[in-house]
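In case you want the letters, here they are:
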Amino acid sequence: MADATYDLVVLGAGPGGYVAAIRAAQLGMNVAVVEPRERLGGTCLNIGCIPSKALLVSSHLYADASKNFAQHGILASGISLDLAAMMARKDKVVDLSTKGVAFLFKKHKITHVRGTGFIAAPGKVEVTPVGGGDKQVVNATRILIATGSNPTTLPGIDIDEQRIVTSTGALALPQVPKRMVVIGGGVIGLELGSVWQRLGAEVTVVEYLDRILPGMDKEVATMAQRLLGRQGLQFRLSTKVTAAKASKDGVSLTVQPAGGGDAEALEADVLLVAVGRRPNTADLGLEALGVERDKQGFLPVNAAFQTNVQGIYAIGDCVPGPMLAHKASEDGVACIETISGRVAHIDYNTVPGVVYTFPEIASVGRTEEHLKADNVEYAVGKFPFTATPRARANGHSDGFVKILADKRTDRVLGVHIVGSDAGEMIHEAVLCMEFGGSAEDIARTCHAHPTLSEAVKEAALDALGRVIHM
Ligand code: NAI
């Protein structure tokens, strides 16, 4: 095949790469995206955010129908699970989503070069087709690395994606395991642990630290643990897994207190390893080119997402910062707009994080722990959903909104929410923080009644010492 030349070649068609490609095409660049998967959208659309949300919604409906309909006077009987149908629906959601990206590529005349990219030199990418065959060379003025990340595992624990699975296997189990152990009380552990617990598995989350969701506000994480525990998730905190072996019938694990102590045996039908992800930057030819990589594999970049080698850029999970799909997309847009001479920036402090359990957990900005560590004087405003009529009407009044504002200036520094729809509600806080807004700004903004978002307003009022409904 003849060599092709582009203004930009992007490695990876995930939410970082495909969004960057679209923005570049909008700005008049001739763009190619190198991606081995036939279906565009990367981990997020294929084996991450989207299929997990499909299963979270389906499993929530199943649990609701089984346990909660009666409180509304709806007497449903004979509710049973058709897991194959649930999985087929999830696959359809993925299919539609990836086709949507393919449509956008067509619309913007972006070329998908199918295969695995290797940067042979600045401006030159060699692409190995899926299944082998002659390499294709793609030349471009600029190269953008958006290859995302892969799950990490623990030493001595071999992933087979049948008995010992990462999130990929946990999204496609052929039957509901009787007992599931999850290593890691982070986002993936809680989301996928919730899915299988709702569908009937006995789920134990083993977490090395003395708390779940490290990095999130401690009070919010404690509340989340209590609520998830009430639903049936079991937690073993301050505990490490020292060995796990899969057999035909299940997985035998050895756990031990994190600080040392007596070992204990645990049995599971499926073990989910969810202890973090690492960037996919190892096999791109970067070493030979002198592109700097840190110890964990992240690529240090400047504010324009440029690596230390001219013409090679990197975004998303490949660079330091939160490993989140929406952050990768923002990186991509900022990178392309800067390349095209526009002014763009992204403030990682205003990137929201959402855990899609029930209730959801959402967060933006600084936590109380951060502010204490930095000796910042802050006011706390809090409002529980039990005091919110809409939450009571919905039958979901667990959780609260917490606003942290600078004591001196009233500027909002962080907002943390546990509650149904927290992932939607957080955005008024994100917008407020992006605009440098204050608790007073939120408190003086009219919120529709009855809505869950009234709790955000009341929390802001509470930070100012004038909460109304409490
Ligand atoms: P994570 O970093 O969120 O959580 C990993 C957890 O495993 C931590 O609590 C950590 O203390 C624990 N851990 C580490 N080593 C351990 C050990 N040896 N024994 C027991 N526990 C151990 O990572 P996770 O959940 O794998 O997610 C990976 C990435 O994907 C994260 O960056 C996450 O933000 C992102 N993600 C985001 C989602 C969302 O935004 N809703 C959904 C899924 C993933």
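As a starting point, this report considers the structure included with it. (Residues numbered from 1 in each chain as written. Predicted model: local features only at pLDDT ≥ 70, side-chain atom pairs only at ≥ 80, totals over all residues. Heavy atoms only, no water.)

**Observations regarding the site of the ligand**
For step 1, the next point in the chain: Near the ligand, the surroundings consist of 21 residues, among which Ile188, Glu191, Glu207, Gly276 and Val354 are the closest.
For step 2, the next point in the chain: Within the backbone of Tyr208, a nitrogen or oxygen atom sits 3.1 Å from a nitrogen atom of the ligand.
For step 3, the next point in the chain: The backbone of Val354 places a nitrogen or oxygen atom 2.8 Å from a nitrogen atom of the ligand.
For step 4, the next point in the chain: A class-by-class count of the residues in the shell around the ligand yields 14 nonpolar, 4 polar and 3 charged. (Near = heavy atom within 4 Å. Polar contact = N/O pair within 3.5 Å; in protein donor to acceptor, adjacent residues only side chain to side chain. Nonpolar A, V, L, I, M, F, W, Y, C, P; charged D, E, K, R; others polar.)

**Notes on the sheet that holds strand 8 (residues 164–165)**
For step 1, the next point in the chain: The strand order across the open sheet built from 5 strands is 8-15-9-10-11, with neighbouring strands paired in parallel fashion. Each edge of the open sheet carries a strand with a single partner, namely strand 8 and strand 11 (234–236).
For step 2, the next point in the chain: By the bridge criterion, 4 bridges tie strand 9 (residues 179–183) to strand 15 (residues 270–273) in an arrangement that is parallel. What sits directly across from Val182, in strand 15, is Leu272. (Pairing = 2+ DSSP bridges. Helix = DSSP H or I, 4+ residues; strand = E, 2+ residues; numbered from the N terminus.)

**Section: the side chain of Glu35**
For step 1, the next point in the chain: You can see Glu35 is positioned in strand 2 (residues 31–35).
For step 2, the next point in the chain: Leaving out residues up to four positions away in the same chain, Glu35 has contacts with Gly12, Ala13, Leu40, His112, Val113, Arg114 and Gly115. (Contact = heavy atoms within 4.5 Å.)

**Overview of helix 3 (residues 49–68)**
For step 1, the next point in the chain: Taken together, the buried positions of helix 3 are Pro51, Ser52, Ala54, Leu55, Leu56, Ser58, Ser59, His60, Ala63, Asp64 and Ala65.
For step 2, the next point in the chain: Residues of helix 3 that are buried make contact with helix 2 (42–47), helix 4 (83–107) and helix 6 (187–198). (Buried < 20%, exposed > 50% of the residue type's maximum accessible area, 1.4 Å probe, protein only.)

**Some words on unusual backbone geometry**
For step 1, the next point in the chain: In this chain, Phe358 is followed by Pro359 through a cis amide linkage whose omega measures -5°.
For step 2, the next point in the chain: Within the fold, Pro359 resides in the loop between strand 18 (353–355) and strand 19 (360–365).
For step 3, the next point in the chain: Residues His449 and Pro450 are joined by a peptide bond in cis, for which omega reads -5°.
For step 4, the next point in the chain: Here Pro450 is to be found in the loop between helix 13 (439–443) and helix 14 (454–463).
For step 5, the next point in the chain: Unusually for a residue other than glycine, Glu161 sits at a positive phi of about 60°.
For step 6, the next point in the chain: Structurally, Glu161 can be placed in the loop between strand 7 (149–151) and strand 8.
For step 7, the next point in the chain: Glu161 sits in the partly exposed class, given a relative accessible area of 29%.
For step 8, the next point in the chain: The backbone phi angle of Asp421 is positive, close to 70°, even though this residue is not glycine.

**Describing the packing of helix 3 against helix 4**
For step 1, the next point in the chain: At a closest axis distance of 9 Å, the pairing of helix 3 and helix 4 adopts a crossing angle of 145°. Crossing handedness for the pair helix 3 and helix 4: right-handed. Of the residues in helix 4, those touching helix 3 at Ile50, Pro51, Ala54, Leu55, Ser58, Ser59 and Tyr62 are Met86, Met87, Arg89, Lys90, Val93, Val94 and Ser97.
For step 2, the next point in the chain: Classifying every residue of the contact of helix 3 with helix 4 gives 9 nonpolar, 3 polar and 2 charged. (Axes fitted to C-alpha atoms, helices over the stretch in contact; angles between N-to-C directions. Left-handed = near helix turned anticlockwise from the far one by under 90°.)

**Things to note about the pattern of salt bridges**
For step 1, the next point in the chain: Counted under the stated rule, the structure contains 18 salt bridges.
For step 2, the next point in the chain: Residues Asp217 and Lys402 are paired through a salt bridge, measuring 2.8 Å at the closest nitrogen-oxygen approach. Placement of Asp217 in the loop between strand 10 (202–206) and helix 7 (218–231) and of Lys402 in strand 21 (residues 400–406) is noted, with a sequence separation of 185 residues between them.
For step 3, the next point in the chain: Residue class for Asp217 comes out buried when judged on its relative accessible area of 1%.
For step 4, the next point in the chain: Owing to a relative accessible area of 0%, Lys402 belongs among the buried residues under this scheme.
For step 5, the next point in the chain: With a shortest N-O distance of 2.7 Å, Glu264 and Arg236 are connected by a salt bridge. With Glu264 in strand 14 (residues 264–268) and Arg236 in strand 11, this residue pair connects regions lying 28 residues apart in the sequence.
For step 6, the next point in the chain: The exposure class assigned to Arg236 is partly exposed, which follows from its relative accessible area of 26%. (Salt bridge = Lys/Arg side-chain N within 4 Å of Asp/Glu carboxyl O.)

As far as function goes, none of this settles anything; it's purely spatial.
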